[in-house]
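Chain and residue survey
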Amino acid sequence: QLFGILFFAGFIPISAWMAEGGGRRRTLMWSNIAILLFGFALAPLFTSGTAGAVTMMAIGMALVGLVYGVIGTTLSELFPTTLRYSGTSLTFNLAAIFGAIPIALGFGADGASRRPLGLVIVGGLFVSQFLTLYITPVIYLYLEWFQERVLNRTSFFRSGHVQLPAEATGGARG
């Protein structure tokens, strides 16, 4: 697995270089086509022993690295700035939740032993999504209120966008 992760990490900068030269969307499209083609070669690699499994991990993780290097920027472009991080967080968390639902339901051989793990994954992701979408913005609103009402009264803590009256800045006096 570590061998595959090294390929994953090594191909992220390669995907950035490819996106710079050929465009993010084109790189993402061709990376996904390569993953689709890799899916057809996956079954023979599984049955060819340890060497096939290691090759499968290396190629598969390299292809995932090609997608991963570009996807963050591409997803950011799809959402306005006010929704950008909650939008990408929502997509990643929902994908993980839907991927872990079969584990939480206990499907598969010996699924009952993996069911608690699946419930923890799905529950944790729901809680983190709730915190990201509802609690964090409320905290930011309270911090903004605190900045405007309390900290902006002190010159040391004043934010750069506050306009002071002319008397306080030593401006023209009438």
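Criteria and cut-off values
- Residues numbered from 1 in each chain as written.
- Predicted model: local features only at pLDDT ≥ 70, side-chain atom pairs only at ≥ 80, totals over all residues.
- Heavy atoms only, no water.
- Helix = DSSP H or I, 4+ residues; strand = E, 2+ residues; numbered from the N terminus.
- Buried < 20%, exposed > 50% of the residue type's maximum accessible area, 1.4 Å probe, protein only.
- Axes fitted to C-alpha atoms, helices over the stretch in contact; angles between N-to-C directions.
- Parallel < 35°, antiparallel > 145°, perpendicular 65-115°, else oblique.
- Left-handed = near helix turned anticlockwise from the far one by under 90°.
- Contact = heavy atoms within 4.5 Å.
- Nonpolar A, V, L, I, M, F, W, Y, C, P; charged D, E, K, R; others polar.
- Phe/Tyr/Trp six-rings, centres within 6.5 Å; stacked < 30°, edge-to-face > 60°.

Assignment of secondary structure puts Ala16 in helix α1 (residues 2-22). A residue is classified by how much of its surface remains accessible, and Ala16, at 37% relative accessible area, is partly exposed. Residues Ala16 and Leu66 lie 50 residues apart in sequence; the distance between their C-alpha atoms is 8.1 Å.

The next point concerns the packing of α1 against helix α2 (residues 24-46). Close contact between α1 and α2 brings their axes to 7 Å; oriented N to C, the two are set at 125°. Taken together, α1 and α2 sit at an angle that is classed as oblique. Crossing geometry of α1 relative to α2 is assigned as right-handed. Residues Ser15, Met18, Ala19 and Gly22 of α1 touch α2, and the partners they reach there are Arg24, Arg26 and Thr27. For the contact of α1 with α2, a count of residues per class yields two nonpolar, three polar and two charged.

All chains considered together, the criterion is met by three aromatic pairs. With centroids separated by 6.5 Å and ring planes inclined at 20°, the aromatic side chains of Phe7 and Phe11 adopt a geometry described as stacked. A residue pair is termed a helical-turn pair when its members lie 3 or 4 positions apart in one helix, as Phe7 and Phe11 do in helix α1 at four residues. Here Phe7 falls in the partly exposed class, since its relative accessible area comes to 30%.

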